[in-house]
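These are the residues of each chain, in order.
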Number of protein chains: 2
Amino acid sequence: MNTKPKSQYNERSACESCGVRQLCLPVSLDGEALSLMDDLVKRRAPMKKGDYLFRTGDKFKSLYAIQYGSMKSYGLTVGGKEQVTGFHLTGEVLGMDAIDEDEHHCNAVALEKTEVCELPFTALETLQNEVPSLQRDLNKIMSREIRRDQHMLLMLGSTTVEQRMARFLLNLYERLQKRGASDNTLNLSMTRQDIGNYLGVAFETVSRQLAHMQDKGILEIKNRNIHLLDIETLGAIAG
Amino acid sequence: MNTKPKSQYNERSACESCGVRQLCLPVSLDGEALSLMDDLVKRRAPMKKGDYLFRTGDKFKSLYAIQYGSMKSYGLTVGGKEQVTGFHLTGEVLGMDAIDEDEHHCNAVALEKTEVCELPFTALETLQNEVPSLQRDLNKIMSREIRRDQHMLLMLGSTTVEQRMARFLLNLYERLQKRGASDNTLNLSMTRQDIGNYLGVAFETVSRQLAHMQDKGILEIKNRNIHLLDIETLGAIAG
DNA sequence: ACAGCTCCTTGATCGAGATCAAGAAAGCCA
DNA sequence: TGGCTTTCTTGATCTCGATCAAGGAGCTGT
């Protein structure tokens, strides 16, 4: 047992431990700014699969950087059906859609054991004023999020399911590579249902497409573990 | 002829004339900040249909606020096919996808006679430091863009074309209403081809869907002029 | 280890929408 | 004004992926 349970998630340099600096805010902050950031960043208790980080309608307080694990975000159509809008991996930032109207517009739920850093937004804005480089960083992070979404739009615009599937896999692969993954293995934390929902196809079709790609020698499926064998061909399919 | 041709697009208060304050930056700036903004904002010569504002690979210098007219943005798939990623109306801001990597990632082309305000970004960032409210505004504008894209993702996720079409029309309608439109008429500046590309369907299908909606009494088509007769039903279809 | 889940695969059928084709309407420019 | 191009409509056919259905595989907790 920890003798100071209250500070269990604040003992270490929060900024260092959660990797915000390395993963989310690419510029180098100087010593003082770094220490200011440290005061700002809070760690949260780890979440288990199915735990919610925020829900539609929740008041917006913080951005969240994923330290490890993964999450999905989804909205509800008026018909009440779930519509997955994104998957979020280690090192990525969630919650930026809520800055404008001070309220979250989607649900964010953990897909596995996941830990996030909380970045209280008012404090972040204040610090932005004192540290110009931080301001630039935040702009960049948001810009990147915009591009990510537009990339997705580009993806969904394509007609064939094979292409969407290829792009989905490559996108995951590239994001993992950026985070320092060394092998060609994707450990999907989401169900086929989620993938299908995200890509706008039936989950049976996801299953069939993966099987088809396995037949062609492009990848190897072991449940949720996908080993990419022929990334070049995958890229060719993605177009 | 203008006696001062060089300053043709800078004579009036740029900020007032291009409507940046009202349309893009919702908070009220005080007198001094407003004047600083004025110095910042440049007007550009009007563009005619087909003129490009920027292209993929262009160095990022400025954000652009549309004063009047409309634009489309699109990327190219590796296969070389055009993929429309968005339509942009009066009062909306373009270029935010480029902040991160200092380079534009899509092409922006005028769909009709269009005029934009240029907001040089380095100056904007500097001014951000002096005017905290501006910083918040920029955060909000970017947040809104993120939400817009995620909304689109939600739209494309839906399976039926009828639904996508309905959502597309309603989305345009709402954006025009926000800008003060009083009637229920959409003057589409884009081709059926562009719409189909954007929604991920064949342009013939767009044509047929519109015809079908006209048969059901939901709207009335006169070439590119769409008069919405039954917005409630349209909303019901959109789900 | 077992029951009771959820999740995944595979097969069969059916329909929405892509594609091919042809002509009509509208915009454009000399 | 008339000819040219681009855009739009409408029809016919065919294909891809949705849907329905059934069984198998993998977790989870007891």
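Per chain, the residues get numbers from 1 upward, laid out in the order the sequence is written. Chains carry letters from A onward and ligands carry numbers from 1 onward, assigned in written order. Residue-level local features of this predicted model are given only where pLDDT is at least 70; pairs of side-chain atoms are given and counted only at 80 or more, and the full residue set underlies all totals for whole chains, interfaces and linings. To get the side-chain values, take all heavy atoms of the structure and skip hydrogens and water.

S.K.: Give me the lowdown on the packing of aromatic side chains, citing residues and values where you can.
M.R.: In this description, an aromatic ring pair is defined by two values, namely the gap between the centres and the angle between the planes. Here a pair means two rings of Phe, Tyr or Trp (six-membered ring of Trp) with centres within 6.5 Å. Their orientation is stacked below 30 degrees between planes, edge-to-face above 60, and tilted elsewhere. A complete count under the given rule lists 12 aromatic pairs over all chains for this structure. Summarising the aromatic geometry, the rings of Y52(A) and Y74(A) are spaced 6.5 Å apart at their centres and angled 70 degrees between planes, so their arrangement reads as edge-to-face. Taken together, the positions of Y52(A) in strand β2 (residues 52-54) and Y74(A) in strand β4 (residues 70-76) put the pair 22 residues apart, joining distant regions of the chain. By relative accessible area, Y74(A) is classed as buried at 8%. Pairing F87(B) with Y198(B) gives two aromatic rings, centres 4.9 Å apart and planes at 65 degrees, and the pair type is edge-to-face. You can see F87(B) sitting in strand β5 (residues 82-89) and its partner Y198(B) sitting in helix α7 (residues 192-199), a full 111 residues away along the chain. Each member of the aromatic cluster is reached from another via a ring pair, and the members are F87(A), F168(A) and Y198(A). Here a helix means four or more residues in a row that DSSP labels H or I, a strand means two or more in a row labelled E, and each is numbered from the N terminus. Exposure classes here rest on a 1.4 Å probe applied to the protein chains alone. A residue is buried below 20% of its type maximum, exposed above 50%, and partly exposed in between.

S.K.: Kindly report on the protein's contact with DNA strand C, identifying the contributing residues and their values.
M.R.: Residues in close proximity to DNA strand C total 17 residues, the closest being R192(A), S207(A), R208(A), V161(B) and T205(B). Among the atoms of DNA strand C lying within 4 Å of the protein, the sugar-phosphate backbone contributes 58%. Within the side chain of R208(B), an N or O atom sits 3.0 Å from a base oxygen of DNA strand C. Of all elements in the fold, only α8 (203-215) of chain A together with α8 (203-215) of chain B reach the threshold of two or more residues within the surface near DNA strand C. Counting residues per element, the surface near DNA strand C draws most heavily on α8(A), at 5 residues. In this classification, Asp, Glu, Lys and Arg are treated as charged, Ala, Val, Leu, Ile, Met, Phe, Trp, Tyr, Cys and Pro as nonpolar, and every other residue, Gly included, as polar. Its residues assigned to classes, the surface near DNA strand C comprises 5 nonpolar, 6 polar and 6 charged. Only a single heavy atom is needed: when it lies within 4 Å of a molecule or strand, its residue is near that molecule or strand. We call two N or O atoms a polar contact when they sit within 3.5 Å, provided that within protein one can donate a hydrogen and the other can accept it, with sequence-adjacent residues counted only if both atoms are side-chain atoms.

S.K.: So what's going on with the pattern of salt bridges? Residues and values would help.
M.R.: Pairing between side chains becomes possible if they bear opposite charge and their charged atoms approach one another. Salt bridges are counted wherever a side-chain nitrogen of Lys or Arg sits within 4 Å of a carboxyl oxygen of Asp or Glu. Here the structure, examined in full by the defined rule, presents 26 salt bridges over all chains. A salt bridge links R144(B) to D100(A); the shortest N-O distance between them is 3.1 Å. Taken as a pair, R144(B) in helix α5 (residues 132-157) and D100(A) in the loop between β6 (93-94) and β7 (107-110) lie in two separate chains rather than in one. On the basis of relative accessibility, which here comes to 11%, the residue D100(A) falls in the buried class. Via salt bridges that share partners, D100(A), E101(A), R144(B) and R147(B) belong to a single interconnected network.

S.K.: I'd like to hear about the protein's contact with DNA strand D, residue by residue, with values.
M.R.: Around DNA strand D there are 18 residues in total, and V161(A), V201(A), T205(A), R192(B) and S207(B) lie nearest to it. At a separation of 3.2 Å, a base nitrogen of DNA strand D approaches a polar side-chain atom of E204(A). A distance of 3.0 Å separates a base nitrogen of DNA strand D from a polar atom in the side chain of R208(B). Contributions of two or more residues to the surface near DNA strand D are made by α8 of chain A together with α7 and α8 of chain B.

S.K.: Describe the sheet that holds strand β4 (residues 70-76) of chain B, listing the residues and the values that go with them.
M.R.: Residue and element names in this part refer to chain B. Strands were regarded as paired on the criterion that DSSP finds at least two bridges between them. Strand order across the open sheet formed by 4 strands is β2-β7-β4-β5, with antiparallel pairing between neighbours. Each edge of the open sheet carries a strand with a single partner, namely β2 (52-54) and β5. Along the sheet, successive strands turn relative to each other by an average axial angle of 30 degrees, direction set aside. Packing of α7 onto the sheet brings it into contact with β4 and β5, and relative to β5 it is tilted by some 105 degrees. The axes used here are C-alpha line fits, helices contributing only the stretch in contact, and every angle between their N-to-C directions lies in the interval 0 to 180 degrees. Here, residues are in contact when the closest pair of their heavy atoms is within 4.5 Å.

S.K.: Explain the interface of chain A and chain B to me, using residue names and the numbers behind them.
M.R.: Each side of the interface is counted separately: chain A has 40 residues, and chain B has 41 residues. When chain A packs against chain B, the two sides together hide about 3,800 Å² of surface, and 56% of this comes from carbon and sulfur. When the buried area of chain A at its contact with chain B is split by residue, D100(A), R147(A) and L153(A) rank highest and sum to 17% of it. Here chain A is connected to chain B by 6 salt bridges. When contributions to the side of chain A that touches chain B are tallied by element, the ones reaching two or more residues are β5 (82-89), α4 (121-130) and α5 (132-157) of chain A. Counting residues per element, the side of chain A that touches chain B draws most heavily on α5(A), which supplies 20 residues. When the residues that make up the side of chain A that touches chain B are grouped by side-chain class, the tally is 13 nonpolar, 15 polar and 12 charged. Each of two parts loses accessible area, computed with a 1.4 Å probe, when they are put together; buried area is these two losses added.

S.K.: Give a detailed account of the domain arrangement of chain A, specifying residues and quantitative values.
M.R.: All names here are of chain A. How far each domain reaches was decided by an automatic or database domain assignment. According to the domain assignment, chain A contains domain 1 (15-141) and domain 2 (159-238). One C-alpha centre belongs to domain 1, the other to domain 2; they are set 26 Å apart. Taken residue by residue, the interface counts 16 residues in domain 1 and 11 residues in domain 2. Across the domain 1 to domain 2 interface the summed buried area is about 1,200 Å²; carbon plus sulfur atoms make up 51%. By the criterion of area lost to domain 2, the three top residues of domain 1 are V84, F87 and L89, representing 47% of everything that side buries. Viewed at the interface, domain 2 and domain 1 are joined by 2 salt bridges. Here E92 makes a salt bridge to R175, at a shortest N to O gap of 2.9 Å. On inspection of domain 1 and its partner domain 2, the count reaches 8 residue pairs in polar contact (both at pLDDT 80 or more). Of all the secondary-structure elements, those providing two or more residues to the side of domain 1 that touches domain 2 are β4 and β5. Residues that form the side of domain 1 that touches domain 2 fall into these classes: 5 nonpolar, 7 polar and 4 charged.

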